[in-house]
There are 2 protein chains.
Amino acid sequence: MQAPSAQRHTEVHFQSGDTVRDIVIGLSDGLTVPFALAAGLSGAIASSRIVVLAGLAEIAAGSIAMGLGGYLAARGDAEHYLSERHREEREIVERAHDEEEEIYEIFEQYNVPRASAQPVLEALKKDPVAWVDFMMRFELGLEEPHANRALRSAVTIAGSYIAGGLVPLLPYMVVANNGDALRLSAVITLIALALFGALKGRFVGTGWLRSALQTVVIGGTAAGAAYILASLLNSHA
Amino acid sequence: MQAPSAQRHTEVHFQSGDTVRDIVIGLSDGLTVPFALAAGLSGAIASSRIVVLAGLAEIAAGSIAMGLGGYLAARGDAEHYLSERHREEREIVERAHDEEEEIYEIFEQYNVPRASAQPVLEALKKDPVAWVDFMMRFELGLEEPHANRALRSAVTIAGSYIAGGLVPLLPYMVVANNGDALRLSAVITLIALALFGALKGRFVGTGWLRSALQTVVIGGTAAGAAYILASLLNSHA
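Residues numbered from 1 in each chain as written. Chains lettered and ligands numbered in written order. Predicted model: local features only at pLDDT ≥ 70, side-chain atom pairs only at ≥ 80, totals over all residues. Heavy atoms only, no water.

Student: Requested: an account of the overall build of chain A, with residues and values cited.
Tutor: Across its full length, chain A holds nine helices and zero strands. The helix and strand sequence of chain A, counted from the amino end, reads α-α-α-α-α-α-α-α-α. Compactness check: chain A gives a C-alpha radius of gyration of 25 Å against a globular reference of 18 Å for 237 residues, more than 25% above the reference. Taken along the three principal axes of its C-alpha coordinates, chain A extends 75 × 40 × 30 Å. Counting every position in chain A, which comprises 237 residues, the buried fraction comes to 49%. In chain A, 72% of the contacts between residues at least 6 apart in sequence involve partners at least 24 apart. (Helix = DSSP H or I, 4+ residues; strand = E, 2+ residues; numbered from the N terminus. Rg over C-alpha atoms; globule rule 2.2 N^0.38 Å. Buried < 20%, exposed > 50% of the residue type's maximum accessible area, 1.4 Å probe, protein only. Contact = heavy atoms within 4.5 Å.)

Student: Could you give me a rundown of the side chain of R137 of chain A, with the residues and numbers involved?
Tutor: Its place among the elements puts R137 of chain A in helix α6 (residues 128–139). R137 of chain A sits in the buried class, given a relative accessible area of 16%. With residues near it in sequence (within four places) discarded, R137 of chain A still touches L142 and E143 of chain A together with Y110, R137, F138, E139, L140 and G141 of chain B.

Student: Before we move on, can you summarise the nonpolar core with the specific residues and values?
Tutor: In terms of nonpolar packing, the biggest core is built from 60 residues, with Y172 of chain A together with Y172 of chain B touching the most fellow members. The residues touching Y172 of chain A, leaving out its near neighbours within four places in the chain, are A38, A39, S42, S48, V51, V52, N178, A181, L182 and S185 of chain A. If you look at the next biggest cluster of nonpolar residues, it comprises 44 residues, including V120, A130 and L140 of chain A together with I106 of chain B. (Core = buried A, V, L, I, M, F, W, Y, C linked by side-chain atoms within 4.5 Å.)

Student: Break down the interface of chain B and chain A for me, citing the residues and quoting the values.
Tutor: Contacts between chain B and chain A engage 77 residues on the former and 78 residues on the latter. Interface of chain B and chain A: buried area, both sides summed, is about 6500 Å²; carbon and sulfur atoms make up 65% of it. Our enumeration of links across chain B and chain A arrives at two salt bridges. Between R210 of chain A and E79 of chain B there is a salt bridge, with the nearest N and O atoms lying 3.0 Å from each other. Every element with two or more residues in the side of chain B that touches chain A is listed here: α1 (2–15), α2 (18–42), α3 (48–94), α4 (96–108), α5 (114–125), α6 (128–139) and α9 (208–236) of chain B. Split by residue class, the side of chain B that touches chain A holds 42 nonpolar, 14 polar and 21 charged. (Buried area = accessible area lost by both parts, 1.4 Å probe. Salt bridge = Lys/Arg side-chain N within 4 Å of Asp/Glu carboxyl O. Nonpolar A, V, L, I, M, F, W, Y, C, P; charged D, E, K, R; others polar.)

Student: Could you give an account of the relation of the copies chain B and chain A, naming the residues involved and the relevant values?
Tutor: One copy of the chain maps onto the other through a rotation about an axis plus a displacement along that axis. Of the transformation placing chain B onto chain A, the axial shift is 0.0 Å and the rotation is 180°, giving an RMSD of 0.0 Å. The relationship between the two copies is best expressed as a two-fold rotation axis. Most of the interface of chain B is mirrored in chain A: 100% of its interface residues are interface residues there too. (Least-squares fit on C-alpha atoms with pLDDT ≥ 70 in both.)

Student: Break down the side chain of T215 of chain A for me, citing the residues and quoting the values.
Tutor: By the element assignment, T215 of chain A lies in helix α9 (residues 208–236). Here T215 of chain A is in contact with L193, A194, F196, G197 and K200 of chain A, once residues within four sequence places are set aside.

Student: Give me the lowdown on the packing of helix α5 (residues 114–125) of chain A against α5 of chain B, citing residues and values where you can.
Tutor: At a minimum axis separation of 7 Å, α5 of chain A and α5 of chain B run at an interaxial angle of 150°. Of the possible angle classes, the one that applies to α5 of chain A and α5 of chain B is roughly antiparallel. Considering the relative orientation of α5 of chain A and α5 of chain B, their crossing is left-handed. Between α5 of chain A and α5 of chain B, the residues in contact are S116, A117, P119, V120 and A123 of chain A and S116, A117, P119, V120 and A123 of chain B, respectively. Residue composition of the contact of α5 of chain A with α5 of chain B, grouped by class: eight nonpolar, two polar and no charged. (Axes fitted to C-alpha atoms, helices over the stretch in contact; angles between N-to-C directions. Parallel < 35°, antiparallel > 145°, perpendicular 65-115°, else oblique. Left-handed = near helix turned anticlockwise from the far one by under 90°.)

Student: Describe in detail the packing of α6 of chain A against α6 of chain B, supporting the description with residues and values.
Tutor: Close contact between α6 of chain A and α6 of chain B brings their axes to 9 Å; oriented N to C, the two are set at 115°. Side by side, α6 of chain A and α6 of chain B meet where R137, F138 and E139 of chain A of the first sit next to R137, F138 and E139 of chain B of the second. For the contact of α6 of chain A with α6 of chain B, a count of residues per class yields two nonpolar, no polar and four charged.

Student: Explain empty space enclosed by the protein to me, using residue names and the numbers behind them.
Tutor: In the structure shown here, the tally under the stated rule is one cavity of 30 Å³ or more. Taken as a whole, the largest cavity spans an internal volume of roughly 60 Å³. Considering the residues around the largest cavity, the lining is formed by D29, V33, E58, G62, M66 and Y161 of chain A together with D29, V33, E58, G62, M66 and Y161 of chain B. Of the residues belonging to the lining of the largest cavity, the class tally is six nonpolar, two polar and four charged. (1 Å grid on protein atoms, 1.4 Å probe; cavity = no way out; pocket = protein on both sides within 12 Å on 5 of 7 lines; lining within 4 Å. Points joined across faces, edges and corners; volume = space filled by probe spheres on them.)

Student: Summarise the environment of P119 of chain B; cite the residues concerned and give the values.
Tutor: On the secondary structure map, P119 of chain B appears in helix α5. Sequence-distant contacts of P119 of chain B, defined by excluding residues within four places in its chain, comprise S116 and P119 of chain A.

Student: Describe the pattern of salt bridges, naming the residues involved and giving the relevant values.
Tutor: All told, the structure shown has 27 salt bridges over all chains when counted by the stated rule. A salt bridge links E89 of chain B to R85 of chain B; the nearest nitrogen and oxygen atoms lie 3.5 Å apart. One end of the pair, E89 of chain B, and the other, R85 of chain B, are both in helix α3, four residues apart, so they sit about a helical turn from each other. The exposure class assigned to E89 of chain B is partly exposed, which follows from its relative accessible area of 35%. Connected through salt bridges with shared partners, the residues R21, D22 and R149 of chain A form a single ionic network.

Student: Give me the confidence of the model for chain A: which residues, what numbers.
Tutor: Residue and element names in this part refer to chain A. Confidence in the prediction of chain A, expressed as mean pLDDT, is 84, and 92% of residues score 70 or more. At the low end of the mean pLDDT range in chain A sits helix α1 (residues 2–15), at 37; at the high end sits helix α7 (residues 149–174), at 93. Counting interchain partners and residues more than four positions distant, the pLDDT-below-50 stretch residues 1–16 has 24 contacts. Complex prediction metrics read pTM 0.78 and ipTM 0.75. (pLDDT = per-residue confidence, 0-100.)

Student: Give a description of unusual backbone geometry that names residues and reports values.
Tutor: Although it is not a glycine, N111 of chain A adopts a positive phi angle of roughly 55°. Counting through the fold element by element, N111 of chain A comes out in the loop between α4 (96–108) and α5.

Student: Outline the packing of aromatic side chains, listing residues and values.
Tutor: One pass over the structure, following the stated rule, counts eleven aromatic pairs over all chains. Judged by centre distance (5.3 Å) and plane angle (85°), the ring pair of Y110 of chain A and F138 of chain B falls under edge-to-face. Highlighted residues: Y110 of chain A in the loop between α4 and α5 and F138 of chain B in helix α6, drawn from two different chains. Comparing Y110 of chain A with F138 of chain B, the two get one shared label, buried. With centroids separated by 4.5 Å and ring planes inclined at 70°, the aromatic side chains of F134 of chain A and F138 of chain A adopt a geometry described as edge-to-face. (Phe/Tyr/Trp six-rings, centres within 6.5 Å; stacked < 30°, edge-to-face > 60°.)

Put into structure tokens, the structure is as follows:
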């Protein structure tokens, strides 16, 4: 009877997979914001050259900002983990009594009396590394980040943003008329958002249809708002 | 001796505060991407009206995309937590033996022998709600999300993005010459990035100076890349 349960653990772990999450972050913003910006500008500006220019500048800015942001966030997580770990390593030596009390407190949250928690405490005290591992996970709720996570995270987010962002811009590069380009861009981007949403729904287990609808609504709303705002501003300028 | 330890817990909890994180997400992208986009366009386009138009369209698109994205992410977390919780509630009844084994396995990761873990198991079996709480946290690593988190998250992220995004655009609205506006925009945005980075560093405990330098480098790099890309594209168009 262990097999199904072990399988479930793998699933849960995969669902929160860091790389999948980074691709989702990059793709969802990459498909949405450049699409919305191009749609907004094409409602106000006749030249498709400026729409493409603004779109590419946005992709450059957005991919770098998000990629570097992801890099620093991952490195920050790793440093936070290490510094907390060093503190726990010191504390189980220098303030062993407090740390023992903390273990009792952890178990008391689950109505486990001190007497029942004591054998666990005794076992942990025999293995300082396991004790620190236990405190990291159960007291502080921190998991050890993967090595090289920061660089991989940055490249994954930035690459996904660029890939997503080029989709809505392609029509403006090849179609002369801005209105035609906008319609074509809307069609292919909404299809791409629906496909991406459906795949994302499969991965995170929320159901593909609902997830597809959600990403389409987000992209459509953002683009619609940008379009209306740019049109209004342009007519009053 | 409990006071310092209790204080530390509060600190750790505050560091990962959801609202602070949402403000950081919104502000860091809001200050960076519209700034970089405006800088990129002002290197290629003479009209500050179009730079402002593109910047505002970007702020509308970015704030809605990020806000709705944050809303769905938070709602997805809440649903994931509930569905996993219902599964655990079923399993401790229908597959009690498997769930008991899982508790032993959790403790075995920390070299706690079965005999030492058994009193904890006995205590948990007396309190099914605490048992499920325990499995959610210790087996699955999931914490119960706050109620109304999704809406608050969406509003916080979108509002921070708008507030951040308006800073670099203001000079283009009031200064006639695009080159002058770009210089003024760069100065006030880099100051805002440094202030934001310093405050962020204080909150997350990485040190204000280093955090300030990091946000300035991200914003500067993204803006520089967008500026160079837009200039290159413009000179070849």
